[in-house]
Amino acid sequence: TMAFYSQALPSYTIGDTAYEDIPRVCEPYGSTAVVIGGKRAMAAARDYFLDALKDSKIKVLDFVWYGGEASFENGDALIENPAVQQADMIFSMGGGKCVDCVKYVCYKLNKPLFALPTIAGTCAPVSSVAVMYYPNGVMKETYQFSHTPPKHVFINTRVIAEAPDVYLWTGMGDTMAKHFETTLAARGRDLAHGDAFGVAAGIQCYKPLVKYGAKALEDCKNNNPSFEVEQICLCNLVTTGMVSNFIDFSLNS
């Protein structure tokens, strides 16, 4: 029997000026920060990020490339980086592999992680598990589990709408699969609260895609952070992350 069950729910801000909420949310965690990200992601979001911090108490020590792969090797190299060691808080700026690599770093250093997804391709910014890879890009059978998801996720829909639309497209495919995976895997099972909640929430990994997906993809092609893009970002990032956090791995694929 399980002695206790603990669940930390994700916290997020979404909108085309979502970064403006960073000082309010993050200043209680300290005064120094480091950004770890992808090269293209940092090029796309850096100015928006720095503009939001202009009048804040948070000083950015450095922008550091995460290494291009969510590997323990890249994570260990980041842990040795002086700016990473000195920072009170860490921001991940990029896609799923970036934030998963930074989850490992923050777990090992016991530092607060804030996610800045620049694409809406996976639920990684909201989930507490990190999928890790070998340096050559082959997925490992070893996952990195954190006790909590990132402290807060800042979903800037303008940055996501300005990214290549293929990422939103693949994110919708990944999200829709979550509904069918969990529904089929749960058939005939007597589900406890967490699994039952996750399977029920999985319905929302399907319905909004049907309703808003086509318009959102068209708006993303036109770099328009519309209401529909916002709804799909919430679906791809937040709803799927909630499902992942609640359900057992046996229901997840």
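Below is a short write-up of the structure. (Residues numbered from 1 in each chain as written. Predicted model: local features only at pLDDT ≥ 70, side-chain atom pairs only at ≥ 80, totals over all residues. Heavy atoms only, no water.)

## Describing the nonpolar core
(1) Moving on: Of all hydrophobic cores here, the largest spans 44 residues; its most connected members are Ile36 and Ile90.
(2) Moving on: Here Ile90 is in contact with Val34, Ile36, Val84, Val102, Val105, Cys106, Lys111, Pro112, Leu113 and Phe114, once residues within four sequence places are set aside.
(3) Moving on: With 20 residues, the next largest nonpolar core counts Tyr19, Ala45, Ile58 and Phe114 among its residues. (Core = buried A, V, L, I, M, F, W, Y, C linked by side-chain atoms within 4.5 Å. Buried < 20%, exposed > 50% of the residue type's maximum accessible area, 1.4 Å probe, protein only. Contact = heavy atoms within 4.5 Å.)

## So, the pattern of salt bridges
A side chain with one charge can pair with a side chain of the opposite charge if their charged atoms come near.
(1) Moving on: Enumeration according to the criterion identifies 7 salt bridges in this entry.
(2) Moving on: Asp21 is the partner of Arg24 in a salt bridge, and the nearest nitrogen-oxygen pair spans 2.7 Å.
(3) Moving on: Among the residues examined, Arg24 registers a relative accessible area of 57% and is labelled exposed.
(4) Moving on: Accessibility expressed as a relative area gives 16% for Asp21, which makes it buried.
(5) Moving on: The shortest N-O distance in the salt bridge between Asp219 and Lys215 comes to 2.7 Å. (Salt bridge = Lys/Arg side-chain N within 4 Å of Asp/Glu carboxyl O.)

## Focus: the packing of aromatic side chains
(1) Moving on: All chains considered together, the criterion is met by 10 aromatic pairs.
(2) Moving on: Between the aromatic rings of Tyr19 and Phe49, the centroid separation amounts to 6.4 Å while the plane-to-plane angle is 85°, which identifies the pairing as edge-to-face. Pair noted here: Tyr19 is in the loop between strand 1 (12–15) and helix 1 (22–26) and Phe49 is in helix 2 (residues 39–52), with a separation of 30 residues, a long-range link. Here Tyr19 matches Phe49 in class, with each residue buried.
(3) Moving on: With a centroid separation of 5.2 Å and 80° between ring planes, the pair formed by Tyr29 and Phe114 is classed as edge-to-face. Here Tyr29 is found in the loop between helix 1 and strand 2 (32–37), whereas its partner Phe114 is found in strand 5 (residues 113–117), with 85 residues between them in sequence.
(4) Moving on: Its relative accessible area of 0% is what places Phe114 among the buried residues.
(5) Moving on: Put simply, the rings of Tyr19, Tyr29, Phe49, Phe63, Phe91, Phe114 and Phe154 pair up and form one aromatic cluster.
(6) Moving on: Positioned over the ring face of Tyr133 is Lys97, at 4.1 Å from the centre of the ring. (Phe/Tyr/Trp six-rings, centres within 6.5 Å; stacked < 30°, edge-to-face > 60°. Helix = DSSP H or I, 4+ residues; strand = E, 2+ residues; numbered from the N terminus. Lys NZ or Arg CZ within 6 Å of the ring centre and 35° of its normal.)

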